[in-house]
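# Examining the three-dimensional arrangement
Given next are the chains, with one letter for each unit.
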Amino acid sequence: MKAGNVKGALLEYIVRQLLKNCGFTNVRVDDLFSFERGGLFFVNGKGAAHDADIIMNPPIQMPFAYPT
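Residues numbered from 1 in each chain as written. Predicted model: local features only at pLDDT ≥ 70, side-chain atom pairs only at ≥ 80, totals over all residues. Heavy atoms only, no water.

### Let's talk about the overall build of the protein chain
Quick note on the threshold: Helix and strand definitions here come from DSSP, where helices need a minimum of 4 consecutive H or I residues and strands a minimum of 2 consecutive E residues; each element is numbered from the N-terminal end. We compute the radius of gyration from the C-alpha atoms alone; for a globule the expected value is 2.2 Å times N to the 0.38, where N is the number of residues. Partly exposed residues are those whose accessible area sits between 20% and 50% of the maximum for their type, while under 20% is buried and over 50% is exposed, using a 1.4 Å probe and protein chains only. Contacts between residues were defined by any pair of non-hydrogen atoms, one from each residue, lying within 4.5 Å. In this description, accessible areas are obtained by the Shrake-Rupley approach with a 1.4 Å probe, and a residue is regarded as covered only by the protein chains that are shown. In this tally, Asp and Glu contribute negative charge and Lys and Arg positive charge; neither His nor the terminal groups of the chain are included. For charged residues, the charge sits on one atom: NZ in Lys, CZ in Arg, CG in Asp, CD in Glu.
Across its full length, the protein chain carries one helix and five strands. Reading the secondary structure of the protein chain in the N-to-C direction produces α-β-β-β-β-β. Radius of gyration (C-alpha) of the protein chain: 14 Å, far over the 11 Å computed for a compact globule of 68 residues. Dimensions along the principal axes, computed over C-alpha positions, put the protein chain at roughly 45 × 30 × 15 Å. The buried share of the protein chain, taken over its 68 residues, is 9%. Put simply, of all contacts in the protein chain between residues at least 6 apart along the chain, 40% involve residues at least 24 apart. By element, 61% of the accessible surface of the protein chain is carried by carbon and sulfur atoms, the whole surface being about 5800 Å². For the protein chain, the distance from the average position of its 7 positive side-chain charges to the average position of its 6 negative side-chain charges is 6 Å.

### A closer look at the sheet that holds strand E3 (residues 40–44)
Stated precisely, the cut-off is as follows: Pairing between strands is defined by DSSP: at least two bridges between the two strands are required. An axis is simply a line fitted to the C-alpha atoms; with a helix, the fit covers only the stretch in contact. Between two such axes, the angle follows the N-to-C directions and lies from 0 to 180 degrees.
An order of E2-E3-E4 is seen for the three strands of this open sheet, with the pairing classed as antiparallel. The open sheet terminates on both sides in strands that have one partner only, identified here as strand E2 (34–37) and strand E4 (49–51). Recorded for the sheet is a direction-independent mean angle of 35° between the axes of neighbouring strands.

Encoded structure:
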């Protein structure tokens, strides 16, 4: 693994741990809006699937926003 990849993986790990400490939870694969392939988490978007680095559910629903 190259130094740049290690830095990116470490940043993702730190951000994920910070979000977990704030009450966020992991998004589960539902095979409709999200799926897992080759150990990577993908989110279906407009026209294509996108590799999501960190995707988590908030601890509360934001007011006046469509439920996520």
